[in-house]
Amino acid sequence: QVQLVESGGGLVQAGGSLTLFCAASGRSWSSNFIMGWFRQAPGKEREFVAVIDWTTYYADSVKGRFTISRDNAKNMVYLQMNSLEPEDTAVYYCAAGSSAAADPRRYSYWGQGTQVTVSS
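Residues numbered from 1 in each chain as written. Predicted model: local features only at pLDDT ≥ 70, side-chain atom pairs only at ≥ 80, totals over all residues. Heavy atoms only, no water.

A.B. asks: Can you help me understand unusual backbone geometry in this one?
C.D. replies: With the exception of glycine, most residues fall at negative phi, and the peptide bonds are largely trans. Notably, N75 is not glycine yet its phi reads approximately 55°, a positive angle. Residue position: N75 is located in the loop between β7 (66-71) and β8 (76-81). Classification of N75 as partly exposed rests on a relative accessible area of 28%. Here the phi dihedral of S83 falls at roughly 50°; this positive angle occurs in a residue that is not glycine. By secondary structure assignment, the location of S83 is in the loop between β8 and β9 (90-97). Residue classification places S83 among the partly exposed positions, given a relative accessible area of 40%. (Helix = DSSP H or I, 4+ residues; strand = E, 2+ residues; numbered from the N terminus. Buried < 20%, exposed > 50% of the residue type's maximum accessible area, 1.4 Å probe, protein only.)

A.B. asks: Is there a simple way to think about the sheet that holds strand β1 (residues 3-7) in this case?
C.D. replies: The strands making up a sheet are joined through hydrogen bonds of the backbone, oriented either antiparallel or parallel. Pairing is antiparallel in the open sheet, where four strands are placed in the order β1-β3-β8-β7. What marks the edges here is a single partner per strand, and that holds for β1 and β7. Sheet twist, expressed as the mean angle between neighbouring strand axes with direction ignored, is 15°. Looking at chain direction, β7 and β8 are connected through six bridges and run antiparallel. Directly across from T67, in β8, lies its bridge partner Q80. (Pairing = 2+ DSSP bridges. Axes fitted to C-alpha atoms, helices over the stretch in contact; angles between N-to-C directions.)

A.B. asks: Is there a simple way to think about the pattern of salt bridges in this case?
C.D. replies: Once the charged atoms of two side chains with opposite charge are near each other, the side chains can pair. On inspection of all chains with the given rule, the structure shows six salt bridges. The closest approach of N and O atoms between E85 and R65, which form a salt bridge, is 3.9 Å. Remark: R65 occurs in the loop between β6 (56-58) and β7 and E85 occurs in the loop between β8 and β9; sequence separation between them is 20 residues. Of the residues examined, E85 reaches a relative accessible area of 33% and is grouped as partly exposed. For R65, a relative accessible area of 11% puts it in the buried group. The residue D88 makes a salt bridge to R65 at a minimum N-O spacing of 2.8 Å. A residue pair is termed long-range when its members are at least 10 positions apart, and D88 in the loop between β8 and β9 and R65 in the loop between β6 and β7 qualify at 23 residues. (Salt bridge = Lys/Arg side-chain N within 4 Å of Asp/Glu carboxyl O.)

A.B. asks: Please clarify how the pairing of strand β4 (residues 34-40) should be interpreted in this entry.
C.D. replies: Strand residues, when the strand is regular, have side chains that alternate between the two faces of the sheet. Here β4 lies mainly inside the structure; six of its seven residues are buried. In the sheet, β4 pairs with β9 via seven bridges, with the strands oriented antiparallel. Pairing of R39 across the sheet is with Y92, part of β9. The sheet contact formed by β4 and strand β5 (residues 47-52) spans five bridges and is antiparallel. Across the sheet, W37 pairs through a bridge with A50, a residue of β5.

Structural data, given as structure tokens:
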């Protein structure tokens with residue numbers, strides 16, 4: 001019903017930048033969906049990174065370094081990541097839901113994830 005496909009991950013040195021992309025499609029897709037980015041490191045739970053509805057919200061750990069944005073005309077959501085740190089290494093997921101929540105259980109649709117690795 002809703003497909004989300006992430007891309008843009010890769011290997012980057014500490015202090016570098018990456019932009020993640022999330023392409024949305026499907027019969028049930030609507031630009032009214034609230035979009036979030038989450039990440040999951042090995043052995044850790046999935047954690048909130050950022051969300052966008054009429055405004056944006058960020059986890060404290062990425063505030064000032066990451067920027068979430070969307071282009072509804074293109075059905076795209078972006079995550080610009082600057083000043084990357086080794087602690088940012090994780091699989092990054094985009095998600096669609098109906099409320100701007102940090103709880104991943106509040107999101108109905110998920111992409112397959114894209115790996116981001118930050119070397120020290």
